[in-house]
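Here are the chains, one letter per residue:
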Amino acid sequence: MVRSQLIELLSQELEGLSPKDMELAVKLLQEQMIDALAHGGRIEIRGFGSFSLHYRRPKLARNPKTGAAVPLGERHVVHFKPGKELRELVDNDAPLVDNDDD
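Residues numbered from 1 in each chain as written. Predicted model: local features only at pLDDT ≥ 70, side-chain atom pairs only at ≥ 80, totals over all residues. Heavy atoms only, no water.

A count of helices and strands for the protein chain gives three helices and five strands. Each helix and strand of the protein chain, ordered N terminal to C terminal, gives the series α-α-β-β-β-β-β-α. Taken over the C-alpha trace, the protein chain has a radius of gyration of 19 Å; the compact-globule value for 102 residues is 13 Å, which it surpasses by more than 25%. The principal-axis extents of the C-alpha atoms in the protein chain amount to approximately 55 × 35 × 30 Å. Per-residue burial for the protein chain yields a buried fraction of 11% across its 102 residues. Across the protein chain, every contact between residues at least 6 apart in sequence was considered, and the portion connecting residues at least 24 apart equals 30%. Split by element, the accessible area of the protein chain, about 8800 Å² in all, is 55% carbon and sulfur. One finds the centroid of the 14 positive side-chain charges in the protein chain at a distance of 14 Å from the centroid of its 17 negative side-chain charges. (Helix = DSSP H or I, 4+ residues; strand = E, 2+ residues; numbered from the N terminus. Rg over C-alpha atoms; globule rule 2.2 N^0.38 Å. Buried < 20%, exposed > 50% of the residue type's maximum accessible area, 1.4 Å probe, protein only. Contact = heavy atoms within 4.5 Å. Areas by Shrake-Rupley, 256 points an atom, 1.4 Å probe, with all protein chains shown as cover. Lys, Arg positive; Asp, Glu negative; His and termini not counted. Charge placed at Lys NZ, Arg CZ, Asp CG, Glu CD.)

Take a look at the structure:
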C-alpha cells in the first residue's frame, strides 16, 4: 500500500472527511513521526509496532562492481519492530505473496 492508497481508503472509511482533509491528516502524522525520530525519539503504536533509531558504526564496505573499498561513516538508521498483534496476524493470516511487481 502506498500513501495515496491509504488516503483513499481512509476517505472511504471516514465519510465525514474529504480526501483533501485526509491527505492533510496523513501528511501531518507523517511529519510528526519524522520529527520525533529526527530528534532521537521513539514512536510506539500499540498493536502495530515501534520505530526507533539504531546506531551504525563506521565501516569499510566494498563496491560490488569494482571491489574497491568504500568508507561508510557512522549513521543512524530507522528500525521497525512489529508488535505482537501484528506479528500474529501476519504469521497466521498472510497468504504467501510473490513480490515480483512486473
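This part is about the sheet that holds strand S5 (residues 75-82). Taken together, three strands build an open sheet; the order of strands is S1-S2-S5 and the sheet is antiparallel. The sheet terminates laterally at strand S1 (43-45) and S5, the two strands that pair on one side only. Neighbour to neighbour, the strand axes of the sheet diverge by 30° on average, direction disregarded. By the bridge criterion, eight bridges tie strand S2 (residues 49-56) to S5 in an arrangement that is antiparallel. Bridge pairing links Ser 50 to Lys 81 in S5. (Pairing = 2+ DSSP bridges. Axes fitted to C-alpha atoms, helices over the stretch in contact; angles between N-to-C directions.)

Another point: helix H2 (residues 19-38). Residue pairs spaced three or four apart in an α-helix point in one direction, given the helix's 3.6 residues per turn. Taking 1.5 Å per residue as the helical rise, H2 with its 20 residues ought to reach 28 Å, and the 28 Å between its terminal C-alpha atoms agrees with that figure. Buried within H2 are the following residues: Met 22, Val 26 and Leu 37. One side of H2 carries all its buried residues, which in axial view fall inside an arc of 40°. Seen from the buried face of H2, the exposed residues on the opposite side, beyond 90 degrees, are Lys 20, Gln 32 and Ala 38. On its buried face, H2 is in contact with helix H1 (3-13), S1, S2 and S5. One or two positions beyond H2, positive phi appears at Gly 40, with a value near 80°. (Expected span 1.5 Å × (residues − 1). Arc of directions from axis to C-beta.)

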